Amino acid sequence: VAYVNEANAYISDKIYPVVPVKKQSDLIPQYASGDFLRDEAQFRAPGAQSEGGGWTTSTATYFARNVAFHKDIPDEVRDNADPPYDPDVESTLYVTDKILMKRDTLWVTDHFTTGKWGTDVTGVTNFVQWSDYALSDPIGDVATGGDTVHLATAQEANTLVLGRQVWTKLRNHPDFIERIKYTQRGVLTIDLVASMLEVARILIGRAIKNTAKQGQTVTNAYVYGKHALLAFVALRPSLMTPSAGYTFHWNRRNLGLTYIKRIRMEPEGVDRIEGHSYFDQKLVASGAGYFFSSAVA
């Protein structure tokens, strides 16, 4: 019996599209947000020159840092391991999970918080928290966020990222139940709520992190907390398309976003199972995001 987050509990790799890159660091060309949205074409008289214009560009940078973690397997441990213990399988699972955990916790720290996006709103202060079933209006709040994102980017918000605690409250909200009670079984699925909110997908961060040190009393907390992010994210990386962000993955030697190395350390008599990931979860277009802080109580 082992307590491990399910693979689908980690969602940072799904939020931003992963862009494999050949260099650990490089430039990101960016066009000024308003240049293509100006109304500049004019009527032209015969023989006259047409109206002209142009745009300005700038560059941002990414840097794919290395996150790594290892577990050593002494020869004595392997030689004495009885079924169902399997040190190699267990160590690979342990190391891989640590890398996935780090990517999600970094994404939450850098992107699932205030001060990062074009608009921040806070429950109680700016809107009624969605856990208040009598007074809150989550459908209207998300629609307002969608209008804000569209006005800033000319793109329809297509992704809603929720902490699990937010989803627990949202899925039982009377506003949603009322809309489906005559046509459905009264059970709200993720796809059904997404269709009512007019977003292509809802991603729920279910990962749990133990904040205590080894040997101390376990103190579990949800990584994604009680927040929500509405954003336009390019579902596939493409040129000339804004996106809230991209995950730039240095695909060195075609080893993948997460890869495992097995290193023999003969003097110590151990095999080291070592996990690596090179990435930069880059916020690219702040106007493409609308952040709901403390969405539920």
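To be clear, the structure that these remarks concern was listed above.
Here's a quick rundown of the structure. These numbers come from a predicted model, not from an experiment.

**Topic: the overall build of the chain**
Looking only at helices and strands, the chain features 7 helices and 14 strands. Taken along its principal axes, the extent of the C-alpha atoms in the chain is 90 × 55 × 35 Å. Contacts in the chain between residues far apart in sequence, at least 24 positions, make up 77% of those at least 6 positions apart. Summed over its atoms, the accessible surface of the chain is roughly 17200 Å², and 51% of this surface lies on carbon and sulfur atoms.

**Here we look at the packing of aromatic side chains**
Scanning the entire structure with this criterion turns up 16 aromatic pairs. Taken together, a centroid distance of 6.3 Å and an interplanar angle of 55° make the contact between Tyr31 and Trp55 tilted. Taken together, the residues span a long stretch of sequence, with Tyr31 in strand S2 (residues 25-31) and Trp55 in the loop between S2 and strand S3 (57-63) at a distance of 24 residues. Looking at Trp55, the relative accessible area reads 51%, which means it is exposed. Their ring planes at 55° and their centres at 5.1 Å tell us that Trp130 and Phe292 sit as a pair that is tilted.

**Structural notes on unusual backbone geometry**
That bond from Pro83 to Pro84 is cis: its omega, 10°, falls within 30 degrees of zero. Mapping Pro84 onto the fold places it in the loop between helix H2 (75-80) and helix H3 (87-111). One non-glycine residue, Arg253, lies in positive phi territory at about 60°. You can see Arg253 is positioned in the loop between strand S11 (245-250) and strand S12 (259-265). The exposure class assigned to Arg253 is exposed, which follows from its relative accessible area of 67%. Of note, Asn254 is a non-glycine position whose phi angle comes to about 55°, a positive value. Examined against the element boundaries, Asn254 turns out to sit in the loop between S11 and S12. Assessed through its relative accessible area of 67%, Asn254 is described here as exposed.

Calculation criteria
- Residues numbered from 1 in each chain as written.
- Predicted model: local features only at pLDDT ≥ 70, side-chain atom pairs only at ≥ 80, totals over all residues.
- Heavy atoms only, no water.
- Helix = DSSP H or I, 4+ residues; strand = E, 2+ residues; numbered from the N terminus.
- Contact = heavy atoms within 4.5 Å.
- Areas by Shrake-Rupley, 256 points an atom, 1.4 Å probe, with all protein chains shown as cover.
- Phe/Tyr/Trp six-rings, centres within 6.5 Å; stacked < 30°, edge-to-face > 60°.
- Buried < 20%, exposed > 50% of the residue type's maximum accessible area, 1.4 Å probe, protein only.

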